[in-house]
Amino acid sequence: MKYVLVTGGVVSGLGKGVTASSIGVVLRSCGLRVTTIKIDPYLNTDAGTMSPFEHGEVFVLDDGGEVDLDLGNYERFLDIKLTRDNNITTGKIYQAVINKERRGDYLGKTVQVVPHITDEIQDWIERVAMNPVDGKEGPPDVCVIELGGTIGDIESMPFIEALGQFSYRVGPGNFCLVHVSLVPVLDVVGEQKTKPTQHSVRGLRGLGLTPDVLACRSTEPLEEHVKVKLSQFCHVPISNIVNLHDVTNIWHIPLLLRDQKAHEAILKVLELQYAGKVPREPKLVEWTERANKFDKLKSPVNIAMVGKYTGLSDSYLSVLKALLHASVAMERKLVVDWVPSCDLEDSSARETPEAHKKAWKLLKGADGILVPGGFGDRGVQGKILAAKYARENNVPYLGICLGMQIAVIEFARSVMKLRGANSTEFDPTATSPCVIFMPEGSKTHMGATMRLGSRTTYFQANGCKSARLYGNAISVDERHRHRYEVNPDMIQDFERAGLQFVGKDESGRRMEIIELPSHKFFIGAQFHPEFKSRPGKPSPLFLGLIAAASGQLEPLLQRSCSNQTKTHMNGKVPKHRKLYPVPVKSPLNSLVNGYYPNDTGIHT
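Bear in mind the structure is a predicted one, so any value in this text is a computation, not a measurement. (Residues numbered from 1 in each chain as written. Predicted model: local features only at pLDDT ≥ 70, side-chain atom pairs only at ≥ 80, totals over all residues. Heavy atoms only, no water.)

Undergrad: Would you explain helix 3 (residues 70–78) in this entry?
TA: Helical geometry note: an α-helix holds 3.6 residues per turn, so side chains three or four residues apart project in the same direction. When you tally the buried positions in helix 3, you get nine out of nine residues, the bulk of the element. Immediately beyond the C-terminal end of helix 3, within one or two residues, lies Asp79, with a positive phi of roughly 50°. (Buried < 20%, exposed > 50% of the residue type's maximum accessible area, 1.4 Å probe, protein only. Helix = DSSP H or I, 4+ residues; strand = E, 2+ residues; numbered from the N terminus.)

Undergrad: Looking at this structure, how should I read the pairing of strand 8 (residues 213–218)?
TA: A regular strand places its side chains so that they alternate between the two faces of the sheet. Among the six residues of strand 8, five are classified as buried, and the element is accordingly described as predominantly covered. Direction of pairing for strand 7 (residues 175–182) relative to strand 8: parallel, over a ladder of five bridges. Paired with Val180 across the bridge in strand 8 is Ala215. Following the chain from strand 7 across helix 7 (residues 195–206) to the adjacent parallel strand 8, one finds a crossover that is right-handed. Bridge count for strand 8 against strand 9 (residues 241–245) is five bridges, and the pairing is parallel. Residue Leu214 lies in a different strand from strand 9, and its bridge partner there is Ile241. Of the crossover connections in this fold, the one passing from strand 8 over helix 8 (residues 224–234) to the parallel strand 9 is right-handed. (Pairing = 2+ DSSP bridges. Right-handed = clockwise from strand over helix to strand, strands pointing away.)

Undergrad: So what exactly am I meant to see when it comes to the nonpolar core here?
TA: General note: in soluble globular proteins, nonpolar side chains tend to be found buried as a group. Counting 48 residues, the largest nonpolar core has Val4, Ile23, Leu27, Phe77, Val144, Val178 and Ile266 as the members making the most contacts within it. Among the elements that line this core, the one with the most residues is helix 1 (residues 16–29), at six residues. Excluding anything up to four places from it in sequence, Val144 contacts Val4, Val6, Ala20, Ile23, Gly24, Val34, Thr35, Thr36 and Ile37. Trp338, Cys464, Ala525 and Leu545 belong to the second largest nonpolar core, which has 47 residues in total. (Core = buried A, V, L, I, M, F, W, Y, C linked by side-chain atoms within 4.5 Å. Contact = heavy atoms within 4.5 Å.)

Undergrad: How do you make sense of a nonpolar patch on the surface when you look at a structure like this?
TA: A contiguous nonpolar surface patch, about 310 Å² in accessible area, is contributed by Leu186, Val188 and Val189. Within the element layout of this structure, Val188 appears in the loop between strand 7 and helix 7. Classification of Val188 as exposed rests on a relative accessible area of 83%. (Patch = residues over 30% accessible without salt bridge, like charges linked within 9 Å, V, L, I, M, F, W, Y side chains within 5 Å. Areas by Shrake-Rupley, 256 points an atom, 1.4 Å probe, with all protein chains shown as cover. Salt bridge = Lys/Arg side-chain N within 4 Å of Asp/Glu carboxyl O.)

Undergrad: Got a minute to help me understand the pattern of salt bridges in this structure?
TA: Any two side chains of opposite charge can pair, on the condition that their charged atoms come close. Under the criterion given, the structure shown has 33 salt bridges. With a shortest N-O distance of 3.6 Å, Lys532 and Asp62 are connected by a salt bridge. Separated by 470 residues along the polypeptide, Lys532 in the loop between strand 21 (522–525) and helix 19 (540–549) and Asp62 in the loop between strand 3 (59–60) and strand 4 (66–67) bring together distant segments of the chain. Take Lys532: its relative accessible area is 22%, and that puts it in the partly exposed class. Arg102 serves as the salt-bridge partner of Glu101, at 2.7 Å between the closest nitrogen and oxygen. For Glu101, a relative accessible area of 30% corresponds to the partly exposed category. Connected via shared salt-bridge partners are Asp62, Glu75, Asp79, Lys81, Arg479, Lys532, Arg534 and Lys537.

Undergrad: Even after reading the chapter, I still don't get the confidence of the model for the chain, so can you show me in this structure?
TA: Close inspection of predicted coordinates is inappropriate in any region flagged by low pLDDT. Here the chain averages 88 in pLDDT, while 90% of its residues score no lower than 70. Every residue in residues 444–448 is under pLDDT 50, and counting partners more than four places away or in other chains gives five contacts. Low pLDDT, under 50, characterises residues 578–604; the stretch is placed with 97 contacts to residues that sit more than four places away or in other chains. (pLDDT = per-residue confidence, 0-100.)

Below, the structure written as structure tokens:
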């Protein structure tokens, strides 16, 4: 097993996650099988209990792991399926060591950071790195490890020590350290400064790690004399210094690495060209086409994102990526209009009239409306108003998790005239509890007590938009993260009033997808389809939203239903579900040629 460690210096937010993902893409294009591990040096066991304002979105894996958003980058870039063990935290490591100590595994020894914590880290990395994540059998060839935070952070010290020992443990030729650093330009001087990187590398060496490759972040391409200076003072060959300057979209980053022969530097350090398996030259033809295609998109599609974390785009990172995947696949330039849900409420008209006016102007000017997931009652009334506006004005609407529950509550209040309609999350004494707490949930413990991970949804009616978007599939596996669900005792009343529940779980008691059949596009999903969206395989529901918002829905539905392949259900269909005449499954992977989007190209 070969290991590539990616660390960061000078400041946080340099893009270590994108760099690590891009390294994985280039190595995979060389013919190598790649897995990844993200190390987060915080004491939380996982990211599940952290506010999006603190750490961005919580990314959910197939096995229900609530992990750092960088694992979402890895899955999207490499099209792999990771597990909760691919995200290491200080909390997990200490918990594992303490459990061993309580069992007596250390035979009476004094348990210390060195060697017990550092050994646990190394053992964890070696164990997880051997697990295949690409659907094939056998261990991967290379494991890319990203160490979160910045060199010098006190909380990272046990991991730095462990990784220093680990480089010696696996031996020369099996470990490559890529250090991501900043080369700033001071406006007063106007020249690229190398001193921050010099200090960062010096600190790294002082902690027992020596960089093999320098990945220098800068606004403009590095000047040649700057590379010479960095090589001289950081003791890294010029050929091993790559420049990751600002680009029009992040999908150019793997191309920058390839063009600067970063793969050759890494393969040389890892001695892979002499290991009997000669990697091929990376081509990345599709990446080049997608990156260039995205830059040329001109026809806009405006999507109003109605949420309460609109001040931090990382809070909805996977949703943004899924929108980008879909918009590029439909050859539209995505424009996201951030609408704080609180600003739509009547109280905002009195307290902050300008913000209220601006929010409603954005909502009414949008081609489509998306209400993402969330927790808590702040801004809920604004989300209800957004769903009502979309329903009454035939504006394409997609509600995810809470966004679906909001649509159900709004329908109950406005159409069914149930004034007491609400979720027990917001009003425990609601007279018409449309959304209720799940029986297996916990109200006292927050971490990992929700319905989490990949679950199967079975379509209930042939011909509904959702089933057609999924290629008239019988079922679909999507990832969940929620505590509340639509009250199953009220379903018949809803359906008599015109709201269809077209997707349910295997029991028929959990509502997974809603639709308004008379509406242009009004769909809500209890699951989170954004977590499985890929650049070349956009999420069908996001694809449907963008298509409806840009006037392309009917052609899309016709094409999706023509791309039908047999589903893998072993003939098992829940009793409550009516069989389709033709069992099919199509995740739209051959529907359209999607093109990779970017982070910096979201127009707001």
